[in-house]
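# Fold and contact review
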Amino acid sequence: LLAAYIKRQVKIDPAIKVIIMSATIKAQEVADFMSDATVNPVPVVHMPGMAHEVKEEIAIDDGIDEAVRYAEQGKNILIFTIGQKQIQFAIDELRLRVPETVKILPLYGEQTIEQQNKALESYEGGKIVVATPVAQTSITIPDIDVVIDSTYGRTNDNKKDVPGLYVQSISVATE
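Cut-offs and rules
- Residues numbered from 1 in each chain as written.
- Predicted model: local features only at pLDDT ≥ 70, side-chain atom pairs only at ≥ 80, totals over all residues.
- Heavy atoms only, no water.
- Helix = DSSP H or I, 4+ residues; strand = E, 2+ residues; numbered from the N terminus.
- Buried < 20%, exposed > 50% of the residue type's maximum accessible area, 1.4 Å probe, protein only.
- Polar contact = N/O pair within 3.5 Å; in protein donor to acceptor, adjacent residues only side chain to side chain.
- Contact = heavy atoms within 4.5 Å.
- Salt bridge = Lys/Arg side-chain N within 4 Å of Asp/Glu carboxyl O.
- Axes fitted to C-alpha atoms, helices over the stretch in contact; angles between N-to-C directions.
- Parallel < 35°, antiparallel > 145°, perpendicular 65-115°, else oblique.
- Left-handed = near helix turned anticlockwise from the far one by under 90°.
- Pairing = 2+ DSSP bridges.

Turning to the side chain of lysine 127, a few remarks are in order. Secondary-structure assignment places lysine 127 in strand 3 (residues 127-131). On the basis of relative accessibility, which here comes to 1%, the residue lysine 127 falls in the buried class. Within polar-contact distance, the side chain of lysine 127 engages the backbone oxygen of alanine 119 at 2.8 Å. Beyond its immediate stretch of four places on either side in the chain, lysine 127 contacts Lys75, Asn76, Ile77, Val102, Lys103, Ala119, Leu120, Glu121, Ile141, Pro142, Asp143 and Ile144.

Here it is, written out as structure tokens:
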């Protein structure tokens, strides 16, 4: 719908410039669709991504043991959890168990930009970023070697006619 709306707006005002970015879009099909709304063909720019080896492990607990094991190997780690309370719990637990040289950082939407940017920096002793799902869709954190996901999320749901954000196990298919 958005592409159709943009196409209509470009016909009305040819000065409008639009950039569409996606990792999964069929770029040439969209360019062909948009081209009849413009005088010139719509350019497509391909930016190749990077493929990373994925090794899936099932954690029995909240992922803290795995994070400690990977931190001892010098890996940079991203842990997804469901909220600020869980982030603080994980940080407190990790501080007791990983070397002091490892930087442990929270990452969630209500932080200032300056606080969030700390997770994007590199640290000589390595880093562990403990984040809410804001990091899954909003940013790419450089130099992360290992991702640990709690497999829980908050979903908007009505339970007994009471709307709210409820914690429940989430499927890989929903991500």
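This part covers the pattern of salt bridges. Considering all chains together, one arrives at three salt bridges under this definition. The salt bridge partner of arginine 97 is aspartate 65, with a shortest N-O separation of 2.6 Å. Of this pair, arginine 97 sits in helix 4 (residues 84-97) while aspartate 65 sits in helix 3 (residues 64-72), and the two are 32 residues apart along the sequence. Note that arginine 97 is salt-bridged to glutamate 93, the shortest N-O span being 3.8 Å. Taken as a pair, arginine 97 and glutamate 93 lie in helix 4 at a separation of four residues, close to a single helical turn. Classification of arginine 97 as partly exposed rests on a relative accessible area of 34%. According to the relative accessible area criterion, glutamate 93 is partly exposed, its value standing at 26%. When salt bridges that share partners are traced, they join Asp65, Glu93 and Arg97 into one network.

Our focus in this paragraph is the packing of helix 3 against helix 4. Each pair of packed helices gets described by two things: the angle between the helix axes and the distance between those axes. In contact at an axis separation of 10 Å, helix 3 and helix 4 are set at 40° when each is read in the N-to-C sense. If you check the angle between helix 3 and helix 4, you find them oblique. The handedness of the crossing between helix 3 and helix 4 comes out as right-handed. Between helix 3, through Ile64, Asp65, Ala67 and Val68, and helix 4, the contact on the second element is made entirely by Ala90, Glu93, Leu94 and Arg97.

In a beta sheet, neighbouring strands are held together by backbone hydrogen bonds and run either parallel or antiparallel to one another. One open sheet holds the four strands; their spatial order is 2-3-1-4, and the pairing between them is parallel. The two strands at the open ends of the sheet, each matched to only one other strand, are strand 2 (103-107) and strand 4 (146-149). The mean inter-strand angle of the sheet, taken between neighbouring strand axes irrespective of direction, is 15°. Where strand 1 (residues 77-80) and strand 3 come together, four bridges link them in parallel fashion. From the neighbouring strand, leucine 78 faces strand 3, where its bridge partner is valine 129. Against the sheet, helix 3 contacts strand 1, strand 3 and strand 4, and its axis sits at roughly 170° relative to strand 1. On top of the sheet, helix 4 reaches strand 1, strand 2 and strand 3; it is set at about 175° to strand 2, its chief contact.

Right, let's get into the pairing of strand 4. Two faces belong to every sheet, and in a regular strand the side chains alternate between them. Only one face of strand 4 is covered, namely the one carrying Val146 and Ile148; the face carrying Val147 and Asp149 has none of its residues buried. Bridge count between strand 1 and strand 4: four bridges; the pairing is parallel. Bridged to isoleucine 79 within strand 4 is isoleucine 148.

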